[in-house]
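This is what each chain is made of:
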Amino acid sequence: MTSKARKNKPTRIEKVLPLGKIIGFFRQRFQDPYLNPEAELSFADFQTAFPEISREDLEEGLSHWVMRPGARVLSTKTTDLDGSELQLWYVHGLHEEHAELEDSVGRSPLQL
């Protein structure tokens, strides 16, 4: 297998938790998460939405999509909720241009 072919092959975590699935969940909850400043989800929200994905894979998948190189689509922030810190995820950007980006470099467009 060539190095180019390896780059185009989705990683295990990208198969378990594709970016399109995450964006689709945001859209289901918020219609237009790109323009809604309240479109933020907690880890518990993701666990409820994706019960078939183990906690470890969900943590790894969310971290993967936040930290991956290239155009940023998913971001996190920490907020204070009644004296305890809560991590929230949100769709990065002001418009939907990121939805047309590829799941990862050189792959097919996101399936939303």
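The residue numbers shown here count from 1 along each chain, following its written sequence. Given that this is a predicted model, residues contribute local features only at a pLDDT of at least 70 and side-chain atom pairs are listed and counted only at 80 or more, while totals for whole chains, interfaces and linings are drawn from all residues. The basis for every side-chain value is the complete set of non-hydrogen atoms in the structure, without hydrogens or water.

Caption draft 1: Spatial organisation of the sheet that holds strand S1 (residues 40-42). The criterion for strand pairing is that DSSP finds at least two bridges linking the strands in question. To qualify as a helix, a DSSP run of H or I must reach at least 4 residues; to qualify as a strand, a run of E must reach at least 2; elements of each kind are numbered from the N terminus. The strand order across the open sheet formed by 3 strands is S1-S3-S2, and the pairing between neighbours is antiparallel. Two strands close off the open sheet at either side, each with one partner strand: S1 and strand S2 (74-81). Neighbour-to-neighbour, the strand axes of this sheet turn through a mean angle of 40°, independent of strand direction. In the sheet, S2 pairs with strand S3 (residues 84-91) via 8 bridges, with the strands oriented antiparallel. For Thr-76, the partnering residue across the bridge sits in S3 and is Trp-89. Contacting S1, S2 and S3, helix H3 (residues 19-30) crosses the sheet at an angle of about 115° to S1. Whether two residues are in contact is decided by their heavy atoms, any of which lying within 4.5 Å being enough. To obtain an axis, a line is fitted to C-alpha atoms, over the contacting stretch when the element is a helix, and the angle between two such axes runs from 0 to 180 degrees between their N-to-C directions. Each of S2 and S3 is contacted by helix H5 (residues 55-67), which is oriented at about 115° to S2, the strand it contacts most.

Caption draft 2: Quick peek at the environment of Asp-80. Secondary-structure assignment places Asp-80 in strand S2. Taking the relative accessible area as the measure of exposure, Asp-80 reaches 55% and is therefore exposed. Polar contact is defined as a pair of N or O atoms within 3.5 Å, subject to the rule that within protein one atom must be able to donate a hydrogen and the other to accept it, and that residues adjacent in sequence are counted only when both atoms are side-chain atoms. Among the polar contacts made by the side chain of Asp-80, one reaches the main-chain amide nitrogen of Gly-83 at a distance of 3.5 Å. Of the polar contacts made by the side chain of Asp-80, one reaches the backbone nitrogen of Ser-84; its length is 3.4 Å. Each residue is placed in one exposure class: buried if its accessible area under a 1.4 Å probe, protein chains only, is under 20% of its type's maximum, exposed if it is over 50%, and partly exposed if it falls in between.

Caption draft 3: Quick peek at unusual backbone geometry. For Gln-31, which is not glycine, the phi dihedral falls at a positive 65°. In this structure, Gln-31 sits in the loop between H3 and S1. Assessed through its relative accessible area of 69%, Gln-31 is described here as exposed. Unusually for a residue other than glycine, Asp-82 sits at a positive phi of about 55°. The topology assignment puts Asp-82 in the loop between S2 and S3. Overall, the relative accessible area of 78% leaves Asp-82 in the exposed class.

Caption draft 4: The packing of aromatic side chains, seen in detail. Put simply, two rings from Phe, Tyr or Trp (the six-membered ring, in Trp's case) pair if the centres are within 6.5 Å, and we call them stacked under 30 degrees between planes, edge-to-face over 60, tilted for the rest. For the structure on display, the rule yields 7 aromatic pairs. Measuring from centroid to centroid gives 6.0 Å for Phe-26 and Phe-46, while their planes differ by 65°, and the two rings are edge-to-face. Taken together, the residues span a long stretch of sequence, with Phe-26 in helix H3 and Phe-46 in helix H4 (residues 43-49) at a distance of 20 residues. Neither residue differs from the other here; Phe-26 and Phe-46 are each classed as buried. By way of ring pairs, the aromatic residues Phe-25, Phe-26, Phe-30, Phe-43, Phe-46, Phe-50 and Trp-89 are connected into one cluster.

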